Each structure stands twice: as structure tokens, then as C-alpha cells.
Amino acid sequence: MISKVSETVKVRKVKTEIMKKITKGINLLAIIFCLYFITSCSSSKNMAMEKETLLNNWILQTKDGKDQTGCNVKKPLNITFSEKGVNGYSGCNTYFGPFKIGKKHHLKLGPLASTMMACVGEDCGRVEVGFIRNLDLVNKYKIENDHLYFYQDNQLLLTFRKAD
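Described below are features of the structure shown in this document. What you are looking at is a predicted structure, and each value in this text was computed from that prediction instead of being measured. Along each chain, residue indices are assigned from 1 in the same order as the chain's sequence is written. Side-chain atom pairs in this predicted model are given and counted only at pLDDT of 80 or more, local residue features only at pLDDT of at least 70, and totals for whole chains, interfaces and linings cover all residues. The basis for the side-chain values is all heavy atoms of the structure; hydrogens and waters are excluded.

**A closer look at the packing of aromatic side chains**
Basically, it comes down to this: Side-chain rings of Phe, Tyr and Trp, where Trp is taken by its six-membered ring, are said to pair if the distance between their centres is within 6.5 Å; with planes under 30 degrees apart they count as stacked, over 60 as edge-to-face, and otherwise as tilted. In DSSP terms, a helix is any run of H or I states spanning at least four residues, a strand is any run of E spanning at least two, and both are numbered starting from the N terminus. We call a residue buried when its accessible area falls under 20% of the maximum for its residue type, exposed when it is over 50%, and partly exposed in between, using a 1.4 Å probe and counting protein chains only. To sit over a ring, a charge needs its Lys NZ or Arg CZ within 6 Å of the ring centre and within 35 degrees of the ring normal.
All told, the structure shown has 5 aromatic pairs when counted by the stated rule. Here phenylalanine 81 and phenylalanine 150 contribute two aromatic rings whose centre-to-centre distance is 6.4 Å and whose plane-to-plane angle is 85°, an arrangement assigned as edge-to-face. Remark: phenylalanine 150 occurs in strand β9 (residues 147-152) and phenylalanine 81 occurs in strand β2 (residues 78-82); sequence separation between them is 69 residues. In terms of burial, phenylalanine 81 and phenylalanine 150 fall into one category: buried. Ring geometry for phenylalanine 131 and phenylalanine 160: centres 6.3 Å apart, planes at 65°, overall edge-to-face. Remark: phenylalanine 160 occurs in strand β10 (residues 155-162) and phenylalanine 131 occurs in helix α2 (residues 122-137); sequence separation between them is 29 residues. Across this residue pair, the class does not change: phenylalanine 131 and phenylalanine 160 are buried. One Lys or Arg, lysine 75, reaches over the ring of tyrosine 89 and ends 4.6 Å from the middle of that ring.

**A short note on unusual backbone geometry**
Note that the residue after glycine 110, namely proline 111, is joined by a cis bond; omega there is 15°. Mapping proline 111 onto the fold places it in the loop between β6 (107-109) and β7 (113-114). Positive phi is not limited to glycine here, since histidine 105 has a value of about 65°. A relative accessible area of 34% places histidine 105 in the partly exposed class.

**Quick look at the state of the cysteines**
Definition in use: Counting rule for disulfides: a pair of cysteine sulfur atoms within 2.5 Å.
Within the structure shown, the criterion is met by 1 disulfide. Two residues, cysteine 92 and cysteine 119, share a disulfide whose sulfurs are 2.2 Å apart. The sign of the -105° torsion about the S-S bond sets the cysteine 92-cysteine 119 disulfide as left-handed. Here cysteine 92, found in the loop between β3 (85-89) and β4 (94-97), pairs with cysteine 119, found in the loop between β7 and α2; they are 27 residues apart in sequence, far enough to count as distant. Since its relative accessible area comes to 8%, cysteine 92 is described here as buried. On the accessibility criterion, cysteine 119 (28% relative accessible area) is partly exposed.

**Side note on the nonpolar core**
For the record, the criterion: Each nonpolar core is a collection of buried residues, namely Ala, Val, Leu, Ile, Met, Phe, Trp, Tyr and Cys, held together in the definition by side-chain atoms within 4.5 Å. Working rule for contacts: check all heavy atoms of both residues, and any pair within 4.5 Å makes them a contact.
Formed by 23 residues in total, the largest nonpolar core has its most connected members in Ile79, Phe81, Phe99, Leu107, Leu109, Phe150 and Phe160. Taken together, the elements giving at least two residues each to this core come down to β1 (57-60), β2, β5 (99-101), β6, α2, β9 and β10. The contact partners of leucine 107, leaving out residues within four places of it in the chain, are Leu54, Phe81, Phe99, Lys100, Ile101, Val138, Asn139, Lys140, Tyr141 and Phe150.

**A few points about the side chain of serine 90**
Keep this limit in mind: Nitrogen and oxygen atoms within 3.5 Å of one another constitute a polar contact, given that in protein one can donate a hydrogen and the other can accept it, and given that sequence-neighbouring residues count only through two side-chain atoms.
Within the secondary structure layout, serine 90 lies in the loop between β3 and β4. Within the local environment of serine 90, its side chain forms a polar contact with the side chain of glutamate 128, the two groups lying 2.5 Å apart. With residues near it in sequence (within four places) discarded, serine 90 still touches Leu77, Tyr95, Glu128, Phe131 and Ile132.

**Considering the pattern of salt bridges**
The criterion, for reference: We define a salt bridge as a side-chain nitrogen of Lys or Arg found within 4 Å of a carboxyl oxygen belonging to Asp or Glu.
This structure, assessed with the given rule, holds 2 salt bridges. Residues arginine 161 and aspartate 67 are paired through a salt bridge, measuring 2.9 Å at the closest nitrogen-oxygen approach. Remark: aspartate 67 occurs in the loop between β1 and β2 and arginine 161 occurs in strand β10; sequence separation between them is 94 residues. With a relative accessible area of 31%, aspartate 67 lands in the partly exposed category. Note that arginine 161 and aspartate 164 form a salt bridge whose closest N and O atoms lie 3.8 Å from each other. Take aspartate 164: its relative accessible area is 93%, and that puts it in the exposed class. Salt bridges sharing common partners tie together Asp67, Arg161 and Asp164.

What follows is the structure, encoded as C-alpha cells:
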């Protein structure tokens, strides 16, 4: 009889130890799930805030910090982000298309389409083609002090200032 009681006590102890380990495992999974949920919500909020900041009109800057103007019309080259997509003035023509932002400031512009105005002047075509080519290369962006920076990986391609 004593051995049966002793066996029953041992079995209960083993069951108790197993239940403790299972409970610890469940608690650990619950903590991991909560942390994942919290960070994913935070990441979504950050992306929403970034997108909200991006939704503006931005003026292209020259290397010396001046507004880059077009050739036929002396208005600055620009890019405007809206909920509907992206559009702007490229120096002679206007362009438009979709955009997509991703995690870690990734950005995909396009495919972009444009009007097909006749651009007069050698410099005109060079400025416009260079601008559009750079827009096609963009895969990252950064916003800092009312300036928007476009990158291809870690190489700076274009700098914009927030329009007034």
C-alpha cells in the first residue's frame, strides 16, 4: 500500500513538473506573439506616418541648392505624391504613374508615363531625360528637414525641397 501511495505521489510530481514546463512554454509563446503584434503595429504606424509626410509637392534642387527649372517654361521640376499616385513636371513634359512605399524607406516609382511635347534646346532634353532616368532608378528615400532624398541603394540620386 505504501508503495502505491509512493508511486502516486511520484506520478503527481512528474505531472506537476510537466504542467509547469508546458505553462512556461505557453507563456513564452504568448510573449513572443505579443511582441510580434506590437512591433508590426508600430511598423504599420511608422509607414503610415512616412507616407503622410511623403504626400506633398517637392521641388527638385540643383547641386548648389537652387530650384532646377525647365527649359520651355521657367517653372521648377517637381514631384507630387498623392493617394492616387505620383505626378510632376520633368522640364518639358509632365509625368504620372503609381508609387509604392515599403519597409525601411523603400520606394518604387512607376511605371511612369508622360506627355510628349516637343522640347526645344539641347540642354532641355538632357535635363529631362536625366531626371526621368533617375526617377526610374529610385529604390529608397529619406525625408529630413523638409527635404526629400531619392537613392538607388546608398547612392544619392536626387534632392528635393518641400514646396511652400
